[in-house]
Amino acid sequence: MSGQIVNGVYEVLDDRFRTGRCAIGDSRLEVLHDGSRWAEGPLYVPAWRQLIWSDIPNDRILRWDEQTGEVGVFRAPAGHSNGNTLDRQGRLITCEQGNRRVTRTEHDGTVTVLADRYDGKRLNSPNDSVVRSDGSVWFSDPDFGIRSDYEGHRAESEIGACNVYRIDPVTGEVRLVADGFMGPNGVILSADEQQLYVSDSSAGRIHVHDVHDDGTLSDGKVFAEGKDGVRFDNIRFDDEGRLWAAALDDGVHCYDPDGTLIGRIVVPETVSNITFGGPKNNRMFITASTSLYSLVVSVTGAPRI
């Protein structure tokens, strides 16, 4: 599928991408850093006015200062960390592929392990997480970090499957909530928290599951499917319910709430992750191969927690 390139980096595939003002903003990608080995897990932290991201093979988390433009090391070693997010108290939640665990960084800098096992067996390599308003943490657990020593430590899976789990906010119990994936990756909740979206990178699909009151999920259905070998990494919503997906070799995809691919952002490297940030939450940060890019756009990310 091909469309019209407008304003330098936006490809219009459906007129809703144009009328929704998705193709307006910076006409070129700004390179903020190009010294990573494989960049993932971007997270904008408003209180710090900084963007942090994971440089997985180099086993470090880097940070970019919005006011000075300087880049430095936030944490090293970092357990070959991947996805980063914030909980409702502004604490950092990190998926550590190498350490095979999900952690929380407290306000005093100490690190608390939230999950490292399910049913007595070590997790594979937690990838991405999202925190619900009740404090529960939902995370994906593919085997990417144990396939080789490049992004973690080569090992056999103790669980024997790649699943999505929920950490109970009161008991700390790790519960399996969705299975049957080839390589679950990005996870995100809808604005009303009634649906959980999961990208299955290995299968080239994005699934959506209804969230039940007891914290369980429906079997789910396919929300979007990559064409011609397109695969997805992480996913994010804007404040009008459009889903933006890091589509690896195909740039950044934008999906209407009905699942229609309406446009994309052209990126010269393989896109791993995206996030919204900046004072107005309208700056898209993109990790792609060795680089960190940004693009100030006319859409606004979903409200911050």
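None of the values given here were measured: they were computed from a predicted structure.

## Here's the deal with the sheet that holds strand S17 (residues 174-181)
No. 1: If you walk across this open sheet you meet the four strands as S14-S15-S16-S17, and the pairing is antiparallel. The open sheet is flanked by strand S14 (129-131) and S17, the only strands paired with a single partner. Adjacent strand axes in the sheet meet at a mean angle of 15°, parallel and antiparallel pairs treated alike.
No. 2: Where strand S15 (residues 137-141) and strand S16 (residues 162-167) come together, five bridges link them in antiparallel fashion. Looking at the pairing, phenylalanine 139 lines up with tyrosine 165 of S16.

## Quick word on the nonpolar core
No. 1: Ranked by size, the top nonpolar core spans 26 residues in total, and within it Leu196, Tyr197, Ile206, Phe223 and Leu243 carry the most contacts.
No. 2: Contributing elements (two or more residues each) for this core: S17, strand S18 (184-189), strand S19 (195-200), strand S20 (205-210), strand S21 (221-225), strand S22 (235-237) and strand S23 (243-246).
No. 3: What isoleucine 206 contacts, discounting residues up to four positions off in sequence, is Tyr197, Val198, Ser199, Lys221, Val222, Phe223, Ala224, Phe232, Ile235, Leu243 and Ala245.
No. 4: Core analysis: the next-biggest nonpolar cluster, separate from the first, contains 25 residues, Val9, Ile262, Leu295 and Val297 among them.

## Remarks on the packing of aromatic side chains
In this description, a pair of aromatic rings is defined by centroid distance and the angle of the planes.
No. 1: Within this structure, the stated rule accounts for 11 aromatic pairs.
No. 2: Between tyrosine 44 and phenylalanine 285 the ring centres are 6.1 Å apart and the planes differ by 10°, which places this aromatic pair in the stacked class. With tyrosine 44 in strand S4 (residues 39-45) and phenylalanine 285 in strand S27 (residues 283-288), the pair connects residues that are 241 residues apart, well separated along the chain.
No. 3: Take tyrosine 44: its relative accessible area is 5%, and that puts it in the buried class.
No. 4: Judged by relative accessible area, phenylalanine 285 falls into the buried class, the value being 0%.
No. 5: Cluster of aromatic residues (ring-pair linked, three or more members): Tyr197, Phe223, Phe232, Phe237 and Tyr255.

## Section: the sheet that holds strand S3 (residues 30-33)
No. 1: If you walk across this open sheet you meet the four strands as S3-S28-S27-S26, and the pairing is antiparallel. Whereas interior strands pair on both sides, the edge strands pair on one side only; in this sheet they are S3 and strand S26 (271-277). Going across the sheet, the axis of each strand differs from the next one's by a mean of 30°, ignoring polarity.

## Observations regarding the pattern of salt bridges
Two side chains with opposite charge may pair up if their charged atoms get near one another.
No. 1: Scanning the entire structure with this criterion turns up 22 salt bridges.
No. 2: Across the salt bridge formed by arginine 132 and aspartate 134, the nearest N and O atoms sit 3.7 Å from each other.
No. 3: A relative accessible area of 12% means that arginine 132 is categorised as buried.
No. 4: In this structure, glutamate 225 engages arginine 205 in a salt bridge whose closest nitrogen and oxygen atoms are separated by 3.9 Å. Residue glutamate 225 is found in strand S21, and its partner arginine 205 is found in strand S20; the two are separated by 20 residues along the sequence.

## Some thoughts on the environment of aspartate 219
No. 1: Take aspartate 219: it is sitting in the loop between S20 and S21.
No. 2: The class for aspartate 219 is exposed, based on a relative accessible area of 77%.
No. 3: For the pair aspartate 219 and aspartate 179, spaced 40 residues apart in the sequence, the C-alpha separation amounts to 8.9 Å.

About the criteria used
- Residues numbered from 1 in each chain as written.
- Predicted model: local features only at pLDDT ≥ 70, side-chain atom pairs only at ≥ 80, totals over all residues.
- Heavy atoms only, no water.
- Pairing = 2+ DSSP bridges.
- Helix = DSSP H or I, 4+ residues; strand = E, 2+ residues; numbered from the N terminus.
- Axes fitted to C-alpha atoms, helices over the stretch in contact; angles between N-to-C directions.
- Core = buried A, V, L, I, M, F, W, Y, C linked by side-chain atoms within 4.5 Å.
- Buried < 20%, exposed > 50% of the residue type's maximum accessible area, 1.4 Å probe, protein only.
- Contact = heavy atoms within 4.5 Å.
- Phe/Tyr/Trp six-rings, centres within 6.5 Å; stacked < 30°, edge-to-face > 60°.
- Salt bridge = Lys/Arg side-chain N within 4 Å of Asp/Glu carboxyl O.

The quantities given are spatial measurements derived from coordinates; they are silent on function.
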